[in-house]
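Residue strings, one per chain:
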Amino acid sequence: MLKPHVKAVQLKASFKHMEKTASIHIEDKVYTYPVITGTEGEHAIDVRRLRKDSGFITFDEGFANTGSCESAITFIDGEKGILRNRGYPIEELAKHSGFLEVAYLIIYGELPTREQSSEFRAKVTENTAIHTNMHALFDGFPSSSNPMAILSSMLNALGCYYPEMASNNREQDLEHFDNAAALLISKVRTLAAMAYRKEMGLPFVYPKHDLRYAANFLHMMFTEPYKPFEDHAGLTEAIDLFLLLHADHEQNCSTSTVRMVASSGANLFASVAAGVCALWGPLHGGANTQVIRMLEAIHRDGDDGSRFIESAKAGKSRLMGFGHRVYKNYDPRAKIIGETVEKVLSKLGVDDPLLDIARHLEQAALNDPYFVERKLYPNVDFYSGMILRAAGIPVEMFTVLFAIGRLPGWIANWHEIATSGNTKIHRPRQIYTGPNERHFVPIEERG
Ligand code: CMC
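Criteria and thresholds
- Residues numbered from 1 in each chain as written.
- Predicted model: local features only at pLDDT ≥ 70, side-chain atom pairs only at ≥ 80, totals over all residues.
- Heavy atoms only, no water.
- Helix = DSSP H or I, 4+ residues; strand = E, 2+ residues; numbered from the N terminus.
- Rg over C-alpha atoms; globule rule 2.2 N^0.38 Å.
- Buried < 20%, exposed > 50% of the residue type's maximum accessible area, 1.4 Å probe, protein only.
- Contact = heavy atoms within 4.5 Å.
- Lys, Arg positive; Asp, Glu negative; His and termini not counted.
- Charge placed at Lys NZ, Arg CZ, Asp CG, Glu CD.
- Near = heavy atom within 4 Å.
- Polar contact = N/O pair within 3.5 Å; in protein donor to acceptor, adjacent residues only side chain to side chain.
- Areas by Shrake-Rupley, 256 points an atom, 1.4 Å probe, with all protein chains shown as cover.
- Nonpolar A, V, L, I, M, F, W, Y, C, P; charged D, E, K, R; others polar.
- Domains from an automatic or database assignment.
- Salt bridge = Lys/Arg side-chain N within 4 Å of Asp/Glu carboxyl O.
- Disulfide = S-S within 2.5 Å.
- Pairing = 2+ DSSP bridges.
- Expected span 1.5 Å × (residues − 1).
- Phe/Tyr/Trp six-rings, centres within 6.5 Å; stacked < 30°, edge-to-face > 60°.

Student: Just to check I follow, could you spell out the overall build of the protein chain for this structure?
Tutor: Scanning the protein chain from terminus to terminus reveals 19 helices and seven strands. Against the compact-globule benchmark of 22 Å for 447 residues, the protein chain has a radius of gyration of 24 Å, which places it among compact chains. With respect to the three principal axes, the spread of C-alpha positions in the protein chain is 80 × 70 × 55 Å. Scored against the burial criterion, the 447 residues of the protein chain give a buried share of 47%. A separation of at least 24 residues holds for 69% of the contacts in the protein chain among residues at least 6 apart in sequence. Between the mean site of the 48 positive side-chain charges and the mean site of the 54 negative ones, the protein chain shows a separation of 5 Å.

In structure tokens, the structure reads:
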């Protein structure tokens, strides 16, 4: 077990008005470092020279106190429950905008003019179809494959069909960036729908160019042979909102992964494929699947949520869709989704018992000292699955939809690192805790 070097190392931040610095006292030496301040006033001690100066590194497993980059894309104030993409509050974007417009904002930094918007939309629309040679790749997957595994593989494979955009030559990849970004945003939903149809043993459905982004996705998912998908009860708008709310969220696990991969000079396709893998885990994007599984299990057990809350407090289970590394307040996305769920379900006339359990769990947790003391609030995944369920999306596809939504954020972060002029590869250090040097033992002498 590692122990902090409490006595020898003493960290003292000494903020001054003009020039902020922080001093680190290690044994009898003092090392002084500049303090970086972001545009929203958050501070960081720039320890980039620490090891060179002192031989020490910082230790921050899980990176809860570590800024890995400067970024101008998304701002979160976790204490206050604030989320802004490129300066715009998520509430305003959710109310006035749509997924594709927010994708443009996140990637290019500004809301598009009418002309930019229609150009971007046209680029996305004309790139919807998948090269038919790729259809054969789907046949190689057993029908039990998880669609996240298929999506990650297919995004990487997609780069092979556009070698000029996925060259691992930074200058060349950047030259083709606009096309690659639009192409990925478009094709990711086609690949996702194909993964679903493959799993269901259904023929692929070709995209329709007259449909908008979310509607086209639902069409490719659900149009049966001879029976077009019909939107009802505002489901298309609800899915569009779901995607918009997931579009970017600062340096989370998958976005950090994308940046990590990109830092080696890897192309956009490879980097976002890695992002899909990081997103898959149940503590990250996979939580939206786990929330529904949890609610189903509670329902099956005839519990209204009270017994489950007790088992979560006892550490026997985890209340999925609750808690967040950054938010120590209500996740603003959860608020928006929570309200939308009510509207969608009431328009559909659906009385979903899982929603009642979710509401009960939420109220019980918000009033329970265990959750209050730890500042555990519902996160985006708590209610998002209810919308997807209402839209008829199977639970295995929930995290795939998260990935479609998050793609603009990954793309913007790849672009930020690729254009930053900082060519430093991401390469953390470690504290080695294994055996000291020992000598090779021939097999016949090993116990
Ligand atoms: N249910 C019960 N206890 C919890 C939960 C939870 N969902 N989340 C955290 N805790 C407890 C944890 O046991 C610990 O207690 P103690 O101090 O007694 O040891 C304390 O709260 C701090 O938790 P932590 O695990 O150190 O916090 P973290 O910042 O490392 O983890 C988290 C954040 C999101 C992984 C975690 O809250 C969690 O596992 N939540 C459930 C999974 C989930 O909903 N994930 C989606 C996150 S939002 C979407 C996204 O961006 O991916």
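Student: Please clarify how the site of the ligand should be interpreted in this entry.
Tutor: In the neighbourhood of the ligand, 18 residues make up the surrounding shell, with His 284, Arg 318, Leu 319, Gly 321 and Arg 325 lying closest. In this structure, Phe 322 approaches the ligand through a main-chain N or O atom, which is 2.9 Å from a nitrogen atom. Asn 379 places a polar side-chain atom, nitrogen or oxygen, 2.9 Å from an oxygen atom of the ligand. Here the ligand loses 73% of its free accessible area of 930 Å² to cover by the protein chains. In the shell around the ligand, the residues fall into eight nonpolar, six polar and four charged.

Student: I keep staring at the domain arrangement of the protein chain and nothing clicks. Help me out?
Tutor: Where the parts come together, the accessible area they lose is often given as the size of the interface. Domain assignment breaks the protein chain into domain 1 (9–67) and domain 2 (287–390). A separation of 38 Å is found between the C-alpha centroids of domain 1 and domain 2.

Student: Mind showing me how you'd approach the environment of Leu 366 here?
Tutor: By the element assignment, Leu 366 lies in helix α16 (residues 353–366). Spatially, the C-alpha atom of Leu 366 lies 15 Å from that of Gly 338, the residues being 28 residues apart in sequence. Dropping the residues within four chain positions of it, Leu 366 is found in contact with Tyr 330, Val 372, Leu 376, Tyr 377 and Pro 378.

Student: Would you explain the pattern of salt bridges in this entry?
Tutor: Opposite charge on two side chains permits pairing when their charged atoms draw close. Enumeration according to the criterion identifies 13 salt bridges in this entry. Of the charged contacts in the structure, one is a salt bridge between Lys 313 and Asp 368, with a shortest N-O distance of 2.8 Å. You can see Lys 313 sitting in helix α14 (residues 306–313) and its partner Asp 368 sitting in the loop between α16 and α17 (369–373), a full 55 residues away along the chain. The partly exposed category is assigned to Lys 313, whose relative accessible area is 28%.

Student: It is not clear to me how the state of the cysteines should be interpreted in this structure. Could you clarify?
Tutor: Two cysteines joined by a covalent bond between their sulfur atoms form a disulfide. This structure, assessed with the given rule, holds zero disulfides. Here Cys 277 stays free of any disulfide, with the sulfur of Cys 253 as its closest cysteine sulfur at 11 Å.

Student: Is there a simple way to think about the pairing of strand β6 (residues 82–85) in this case?
Tutor: A regular strand places its side chains on the two faces of the sheet in alternate fashion. Sheet analysis places strand β5 (residues 74–77) next to β6, joined by four bridges and oriented antiparallel. Along β6, the bridge assignment pairs Ile 76 with Leu 83. Bridge count for β6 against strand β7 (residues 88–89) is two bridges, and the pairing is antiparallel. What sits directly across from Asn 85, in β7, is Tyr 88. Taking the residues that link successive antiparallel strands as the turn, the β6-β7 hairpin has two residues, and the phi of Arg 86 there is positive, at about 50°.

Student: Any chance you could explain helix α15 (residues 332–348) here in plain terms?
Tutor: Since there are 3.6 residues in each turn of an α-helix, residues three or four apart along the chain are aligned in direction. The end-to-end C-alpha distance of α15, which contains 17 residues, comes to 25 Å, matching closely the 24 Å that a straight helix rising 1.5 Å per residue would cover. For α15, the full list of buried residues reads Pro 332, Arg 333, Ala 334, Ile 336, Ile 337, Gly 338, Thr 340, Val 341, Val 344 and Leu 345. Buried residues belonging to α15 abut β6, α2 (90–96), α10 (235–245), α16, α18 (381–390) and α19 (398–419). Just downstream of α15, Gly 349 is the residue with a positive phi angle, here 70°.

Student: Sorry, what's going on with the sheet that holds β5 here?
Tutor: Two modes of strand pairing occur in sheets, parallel and antiparallel, and in both the strands are linked by backbone hydrogen bonds. Ordered by their spatial adjacency, three strands build an open sheet running β5-β6-β7, and the pairing between neighbours is antiparallel. The open sheet is flanked by β5 and β7, the only strands paired with a single partner.

Student: How should I be thinking about the packing of aromatic side chains in this particular structure?
Tutor: Two aromatic rings, taken as a pair, are described by how far apart their centres are and by the angle between their planes. Tallied over the full model, the rule gives 12 aromatic pairs. Note on Tyr 108 and Phe 120: the rings are 6.5 Å apart at their centroids and 85° apart in plane angle, and the pair reads as edge-to-face. Of this pair, Tyr 108 sits in helix α3 (residues 99–108) while Phe 120 is found in helix α4 (residues 114–126), placing the two residues 12 residues apart along the sequence. Through successive ring pairs, a cluster of aromatic residues spans Phe 322, Tyr 370, Phe 371, Phe 382 and Tyr 383.

Student: I'm lost on the side chain of Ser 97 in this one. Help?
Tutor: Here Ser 97 shows up in the loop between α2 and α3. Of the residues examined, Ser 97 reaches a relative accessible area of 18% and is grouped as buried. At a separation of 2.6 Å, a polar atom in the side chain of Ser 97 contacts the side chain of Glu 101. Each residue touching Ser 97, except ones within four places of it in the same chain, is listed here: Glu 92, Val 102 and Leu 244.

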